[in-house]
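# Understanding the architecture of this molecule
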Amino acid sequence: MGNITFVKEGTEVIAADGANLREKALQNRIDIYTFKGKLTNCGGYGQCGTCIVEIVEGMENLSPKTDFELRKLKKKPESYRLACQTLVNGPVKVKTKP
């Protein structure tokens, strides 16, 4: 079990191991998209790169970055992930819309 703490929202969500970060955010009404992202997101298929989040704590409890993430986030800080490509396997703290 991994708890996901959304820092800006002050919300903690319980997630089973292997849960998709984007799905857990949406299920709990956590807004991870900027205005532009709301209009252009791909629906979680890892094609647009609009669901960027910052991992504040617990990077070791996440799945490895996918090839798409490595390409899309190469100029971003190491702590940035695409929520749709990230599986949670332990407690993490996440900052939305970094």
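Before reading on, note that the structure itself is shown above.
Heads up: these notes are all about the structure in this document. In this numbering scheme, every chain counts its residues from 1 along its sequence in written order. Local features are withheld for residues below a pLDDT of 70 in this predicted model, meaning they are given only at 70 or higher, and side-chain atom pairs are given and counted only at 80 or more; totals for whole chains, interfaces and linings count all residues. To obtain the side-chain values, all non-hydrogen atoms of the structure were included, while hydrogens and water were left out.

## Focus on the nonpolar core
- In terms of nonpolar packing, the biggest core is built from 24 residues, with Ile 4, Phe 6, Leu 21, Ile 32, Cys 51, Val 53 and Val 94 touching the most fellow members.
- Numbering goes from the N terminus for both helices and strands, where a helix is a DSSP run of H or I of at least four residues and a strand is a run of E of at least two. Of all the secondary-structure elements, those providing two or more residues to this core are β1 (2-6), β2 (11-15), α1 (21-27), β4 (52-57), β5 (80-82) and β7 (92-96).
- Top element by residues in this core is β4. It accounts for 3 residues.
- Note on contacts: a residue pair qualifies if any of its non-hydrogen atoms lie within 4.5 Å across the two residues. What Ile 32 contacts, discounting residues up to four positions off in sequence, is Arg 22, Ala 25, Thr 50, Cys 51, Ile 52, Val 53, Ala 83, Thr 96 and Lys 97. Buried residues of nine kinds, namely Ala, Val, Leu, Ile, Met, Phe, Trp, Tyr and Cys, make up a nonpolar core once their side-chain atoms join them within 4.5 Å. To sort residues, take the accessible area from a 1.4 Å probe on protein chains only and compare it with the maximum for the residue type: under 20% means buried, over 50% means exposed, and anything in between is partly exposed.

## Re the sheet that holds β2
- Sheet architecture is open: 5 strands sit in the order β2-β1-β7-β4-β5, paired in mixed fashion. Both edges of this open sheet fall to β2 and β5, since each of them pairs with a single strand only. On average, adjacent strands in this sheet sit at an angle of 35 degrees to one another, irrespective of strand direction.
- Where β1 and β7 come together, 3 bridges link them in parallel fashion. A pair of strands is labelled paired if DSSP reports no fewer than 2 bridges between them. Simply put, an axis is a line fit to the C-alpha atoms, just over the touching stretch for a helix, and the angle between two N-to-C directions goes from 0 to 180 degrees.

## Things to note about the pairing of β7
- Alternating positions in β7 separate cleanly, Val 92, Val 94 and Thr 96 being buried on one face and Lys 93 and Lys 95 remaining unburied on the opposite face.
- Of the strand pairs in this sheet, β4 and β7 are connected by 4 bridges, and their pairing is antiparallel. In the sheet register, Glu 57 faces β7, and the bridge partner there is Lys 93.

## Considerations on the environment of Leu 62
- Along the chain, Leu 62 turns up in the loop between β4 and α3 (67-72).
- According to the relative accessible area criterion, Leu 62 is buried, its value standing at 9%.
- A sequence separation of 30 residues divides Leu 62 from Val 92, and the C-alpha atoms of the two residues are 8.1 Å apart.
- Each residue touching Leu 62, except ones within four places of it in the same chain, is listed here: Ile 55, Arg 81, Thr 86, Leu 87, Val 88, Asn 89 and Val 92.

## Observations concerning the layout of surface pockets
- What the largest pocket holds in volume is close to 190 Å³.
- Looking at the largest pocket, the residues that line it are Ile 32, Thr 34, Lys 36, Gly 37, Gly 49, Thr 50, Ile 52, Lys 76, Tyr 80, Lys 97 and Pro 98.
- Any residue that is not Ala, Val, Leu, Ile, Met, Phe, Trp, Tyr, Cys, Pro, Asp, Glu, Lys or Arg is counted as polar, Gly included; the first ten are nonpolar and the last four charged. Here the lining of the largest pocket is composed, by residue class, of 4 nonpolar, 4 polar and 3 charged. Two kinds of site are reported from a 1 Å grid over the protein atoms alone, namely cavities, where a 1.4 Å probe fits but cannot get out, and pockets, open sets with protein on both sides within 12 Å along at least five of seven lines, and residues are called lining when an atom falls within 4 Å of a point. Grid points are joined across faces, edges and corners, and a volume is the space filled by probe spheres set on the points.

## Here's the deal with the state of the cysteines
- Any two cysteine sulfur atoms lying within 2.5 Å of each other are counted as a disulfide. Scanning the entire structure with this criterion turns up 0 disulfides.
- Unpaired in terms of disulfides, Cys 48 finds its nearest cysteine sulfur in Cys 42, a separation of 3.7 Å.
- Its relative accessible area of 22% is what places Cys 48 among the partly exposed residues.

## A short note on the pairing of β1
- Side-chain alternation along β1 places Gly 2, Ile 4 and Phe 6 on a buried face and Asn 3 and Thr 5 on a face that remains uncovered.
- Here β1 pairs with β2 via 5 bridges, running antiparallel. Paired with Phe 6 across the two strands is Thr 11, which belongs to β2.
- The turn linking β1 back onto β2 is made up of 4 residues, and Gly 10 within it adopts a positive phi angle of 65 degrees.

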